[in-house]
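Overview (structure and organization)
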Number of protein chains: 2
Amino acid sequence: MLTQRDLAILDVLQKDSDTSLSKIGEKVHLSPSACSRRIANLRDEGYIRRNVAVLDRDRLGLGTTVFVTVSARIHSAEWTANFRRAVEAIPEIVEVYRLTGSVDYLLKIVLPSVNDYDKVYNAIVARVEMNVVHASIVMEDIKHAGLPLSFVPHASSR
Amino acid sequence: MLTQRDLAILDVLQKDSDTSLSKIGEKVHLSPSACSRRIANLRDEGYIRRNVAVLDRDRLGLGTTVFVTVSARIHSAEWTANFRRAVEAIPEIVEVYRLTGSVDYLLKIVLPSVNDYDKVYNAIVARVEMNVVHASIVMEDIKHAGLPLSFVPHASSR
DNA sequence: ATTGAAAGGGTGTCGAT
DNA sequence: ATCGACACCCTTTCAAT
């Protein structure tokens, strides 16, 4: 079971994994060495998967995001496998979710500009038969937060 | 201007920011110290924003994701400000995008289970008048990749 | 079982060549 | 770009609670 302290540590790390153990220790009222062990445990127990760099999309000229919802024409294991291979092979498609309801999949696509959407569109429809239900461009990134750890059940304290 | 090497370094770091300088050096054929300076530059120039820990949602009991599209009832600066405050205040709403089309927003909501959606729904409609156009639950996370750095323009080499 | 203090080792950083 | 020295931080050990 996780303690409040563990959650506090996770919250610090999901915002900035470069935070030194001494600074984490100050925040959660623990010595650096104790923090080190806790973090190692959190890793071993699978709470922390890995650390990654957050890159600046605009700076890299990848400031355009498009969300696309698609539905399958046919529902078969073969179609699904084909679809997965297709989205996996196209790097501009950065996220794919299978959804409930009539819309089957949601795709998040990252591009230099809206003009490049056509290429991705053609690339995917060439590979797999599907209906693009809707596509809309992101005008503004309003919120981007970490996981709501305040809602994770935890041991009473200590 | 970025070099191919810089992009290769960024690609390593966006997948695993714990990669040691010596390993990065092997991959991009550079000495560790040279990598260190390049990374420092990439930071200073704003390409790397920060490093964060990727947490395991299922392990934390936050395995449920819901995507919700909403539209504004009224279109005013006041409504928008109010909407922003509302989504900012609700931690389960982890991502918010303003989209093209009618004044549409896409919300990504992270929850312990689908039963908790109601609370978030009530919390937000209590704060701001809006139409929830559609809500669908994520059945499966099919792809989750980093930015497509292969499409970033770069200096020819060196 | 978990903690804090101190020691040891590794790694990143900076300067010089 | 490499080499070397320094500094910092993380990790481990150990005693204590």
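To start, this report covers the structure provided alongside it. (Residues numbered from 1 in each chain as written. Chains lettered and ligands numbered in written order. Predicted model: local features only at pLDDT ≥ 70, side-chain atom pairs only at ≥ 80, totals over all residues. Heavy atoms only, no water.)

A short note on the overall build of chain A
When its secondary structure is counted, chain A shows five helices and five strands. Along the chain direction, N to C, the helices and strands of chain A fall in the order α-α-α-β-β-α-β-β-α-β. Taken over C-alpha atoms, the radius of gyration comes to 21 Å for chain A, far larger than the 15 Å a tight globule of 158 residues would show. Each of the three principal axes of chain A carries a C-alpha extent, and together these read 55 × 35 × 25 Å. Within chain A, the fraction of its 158 residues that count as buried is 46%. Sequence-distant contacts, at least 24 apart, represent 67% of the contacts inside chain A between residues at least 6 apart. (Helix = DSSP H or I, 4+ residues; strand = E, 2+ residues; numbered from the N terminus. Rg over C-alpha atoms; globule rule 2.2 N^0.38 Å. Buried < 20%, exposed > 50% of the residue type's maximum accessible area, 1.4 Å probe, protein only. Contact = heavy atoms within 4.5 Å.)

Regarding the pattern of salt bridges
Going through the model one piece at a time under the given rule, you end up with 18 salt bridges over all chains. The partner of A:Lys119 in a salt bridge is A:Asp116, and the shortest N-O contact between them spans 2.9 Å. Judged by its relative accessible area of 56%, A:Lys119 is exposed. One salt bridge in this structure joins B:Asp11 and B:Lys15, with 2.8 Å as the shortest N-O distance. Of this pair, B:Asp11 and B:Lys15 both sit in helix H1 (residues 4–15), separated by four residues, roughly a single helical turn. You can call B:Asp11 partly exposed: its relative accessible area is 24%. The network of salt bridges with common partners includes A:Arg84, A:Arg98 and B:Glu140. (Salt bridge = Lys/Arg side-chain N within 4 Å of Asp/Glu carboxyl O.)

Describing the protein's contact with DNA strand C
By nearness alone, every residue bordering DNA strand C is listed as A:Leu30, A:Ser31, A:Ser33, A:Ala34, A:Arg37, A:Arg38, B:Ser20, B:Leu21 and B:Ser36. Among the atoms of DNA strand C lying within 4 Å of the protein, the sugar-phosphate backbone contributes 64%. Taking A:Ser31, its side chain carries an N or O atom lying 2.9 Å from a phosphate oxygen of DNA strand C. Take B:Leu21: an N or O atom from its main chain is 3.3 Å from a phosphate oxygen of DNA strand C. It is helix H3 (residues 32–44) of chain A that contributes the most residues to the surface near DNA strand C, four residues altogether. Looking at side-chain class alone, the surface near DNA strand C contains three nonpolar, four polar and two charged residues. (Near = heavy atom within 4 Å. Polar contact = N/O pair within 3.5 Å; in protein donor to acceptor, adjacent residues only side chain to side chain. Nonpolar A, V, L, I, M, F, W, Y, C, P; charged D, E, K, R; others polar.)

Some thoughts on unusual backbone geometry
In this model, A:His29 sits at a positive phi of 55°, which is unusual for a non-glycine residue. What makes A:His29 exposed here is its relative accessible area of 65%.

Here's the deal with the protein's contact with DNA strand D
In the region of DNA strand D, the neighbouring residues are A:Ser20, A:Leu21, A:Ser33, A:Ser36, B:Leu30, B:Ser31, B:Ser33, B:Ala34 and B:Arg37. When atoms of DNA strand D within 4 Å of the protein are split into backbone and base, the sugar-phosphate part holds 79%. Within the residue set of the surface near DNA strand D, elements represented by two or more residues are H3 of chain A together with helix H3 (32–44) of chain B. Among the elements that make up the surface near DNA strand D, the one with the highest residue count is H3(B) (three residues). Partitioning the surface near DNA strand D into residue classes produces three nonpolar, five polar and one charged.

Side note on the relation of the copies chain B and chain A
The two copies are related by a screw operation: chain B maps onto chain A through 180° of rotation and 0.0 Å of translation along the axis, at an RMSD of 0.5 Å. Here the two chains are linked by the operation of a two-fold rotation axis. Of the C-alpha atoms belonging to chain B, the one lying closest to the rotation axis is found on B:Val52, 2.8 Å away. (Least-squares fit on C-alpha atoms with pLDDT ≥ 70 in both.)

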